[in-house]
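# Residue-level structural notes
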Amino acid sequence: MMGAGKPSTGAEIENEPEAKLGEAELLLRALLDNLPVAVCRYDREGIFRFHDGKGLEVSGIKPGEHLGKSVHELYAGVPEAVQAVRQAIEGEASHTVTEAHGVTWETWVIPVRHGGEPGAVSVTLDATAARLREQELRNKLELIEKQQRVIRDLSTPIIEVWDKVLTLPMVGVVDSLRISEVMDNLLNAVVNKDARFAILDLTGVDAVDTRTAGYLIEMINAIRLLGAEGIITGIRSNVAQTMVALGLDLSGVTTVGNLRAGLKLCMRRMAAAGEGGGAPAAK
């Protein structure tokens, strides 16, 4: 029969101070030997008192190689790293990303006290691969953005079809974001080309949202403020219905059935005002 005393359990053993210390050493050694990290401890003078970790292999440095040496001297060429250690010794933790030995290092420097003396511990991770992946992702995003700009420019080209006559053929579904960008480009072109007319050709537009219909009217008004005249051509029935349903006032907007008719209208008005060389021959 077992004694009356309470039997020991695994949980109780793990809670013993000696067991906790041994467990911590085991975990630390597993991390240092298998992960790309380097752990260092510095005394109050910045002298290396602990220097170990698999991450040191990347830079060709052996564990313990820096023991007894000063971080201020060894890393004088990396002032941000030296400053981080100095601040930690003074009680301020930090997180830095630096370049050294051809490697990108991400480092956490933490204030500690050893034997009553202030010091610091640094945990450094080789972040080279992560930094390269981040840069590759950034490059891909920049490329996608450039491609999207090219696609937008191709889908909404501003063409000078005649002297002082611009046309903007729009295709597909026109949303408020796209029309806002188009408005800026068209207004700049009206000023730069000293245009007399700007034709917005909606023949290829399948649909517009409610905000876009209002933007079109605003664009015509803005063109008028620049001293030019805006003309809308090729409005489809569903787009016309959207504008009517919104109660937009189109009484001050010149609209014609197609781009050719719009161009002829511009030529006639310019000829009447003595501003152009006459309309192109009709085909």
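Every value quoted in this text rests on a predicted model; they were computed, and no experiment measured them.

## Some remarks on the overall build of the protein chain
Check the secondary structure of the protein chain and you find nine helices and 10 strands. Sorting the 283 residues of the protein chain into buried and exposed places 34% on the buried side. Sequence separation of 24 or more characterises 51% of the internal contacts of the protein chain that already satisfy a separation of 6 or more. When the accessible surface of the protein chain is split by element, carbon and sulfur atoms take 56% of a total near 16900 Å².

## What to know about the pairing of strand β1 (residues 37–42)
Buried residues dominate β1, accounting for five of its six residues. With six bridges joining them, β1 and strand β5 (residues 117–126) adopt antiparallel strand pairing. Directly across from Ala-38, in β5, lies its bridge partner Thr-124. What sits between β1 and strand β2 (residues 48–52) in their antiparallel hairpin is a turn of five residues, with Gly-46 showing a positive phi close to 80°.

## Remarks on the side chain of Ser-70
Structurally, Ser-70 is set in the loop between β2 and α3 (71–74). Leave out the neighbours within four places in its chain, and Ser-70 touches Gly-46, Ile-47 and Phe-48.

## A word on the nonpolar core
One finds Met-170, Leu-186, Leu-200, Met-219 and Ile-223 to be the most contacted residues of the largest nonpolar core, which totals 30 residues. Elements supplying a minimum of two residues to this core: β7 (165–174), α6 (176–193), β8 (197–208), α7 (210–225) and α8 (237–245). Here this core takes eight residues from α7, the largest share from any one element. Ignoring sequence-local partners within four residues, the contact set of Leu-200 consists of Leu-168, Leu-186, Leu-216, Met-219, Ile-220, Ile-223, Ile-231, Ile-232 and Thr-233. Core analysis: the next-biggest nonpolar cluster, separate from the first, contains 14 residues, Tyr-42, Tyr-75, Val-78 and Val-109 among them.

## Let's talk about the pattern of salt bridges
Applying the stated criterion to the full structure yields eight salt bridges. In this structure, the salt-bridge partner of Asp-43 is Arg-49, at a minimum N-O distance of 3.0 Å. By relative accessible area, which is 45% here, Arg-49 ends up partly exposed. A salt bridge links Asp-194 to Lys-164; its shortest N-O distance comes to 3.0 Å. Pair noted here: Asp-194 is in the loop between α6 and β8 and Lys-164 is in the loop between β6 (159–162) and β7, with a separation of 30 residues, a long-range link. Several salt bridges share partner residues, and in doing so they unite Arg-29, Asp-33 and Asp-52 into one network.

Conventions adopted
Residues numbered from 1 in each chain as written. Predicted model: local features only at pLDDT ≥ 70, side-chain atom pairs only at ≥ 80, totals over all residues. Heavy atoms only, no water. Helix = DSSP H or I, 4+ residues; strand = E, 2+ residues; numbered from the N terminus. Buried < 20%, exposed > 50% of the residue type's maximum accessible area, 1.4 Å probe, protein only. Contact = heavy atoms within 4.5 Å. Areas by Shrake-Rupley, 256 points an atom, 1.4 Å probe, with all protein chains shown as cover. Pairing = 2+ DSSP bridges. Core = buried A, V, L, I, M, F, W, Y, C linked by side-chain atoms within 4.5 Å. Salt bridge = Lys/Arg side-chain N within 4 Å of Asp/Glu carboxyl O.

Any functional reading would require information beyond the geometric quantities listed.
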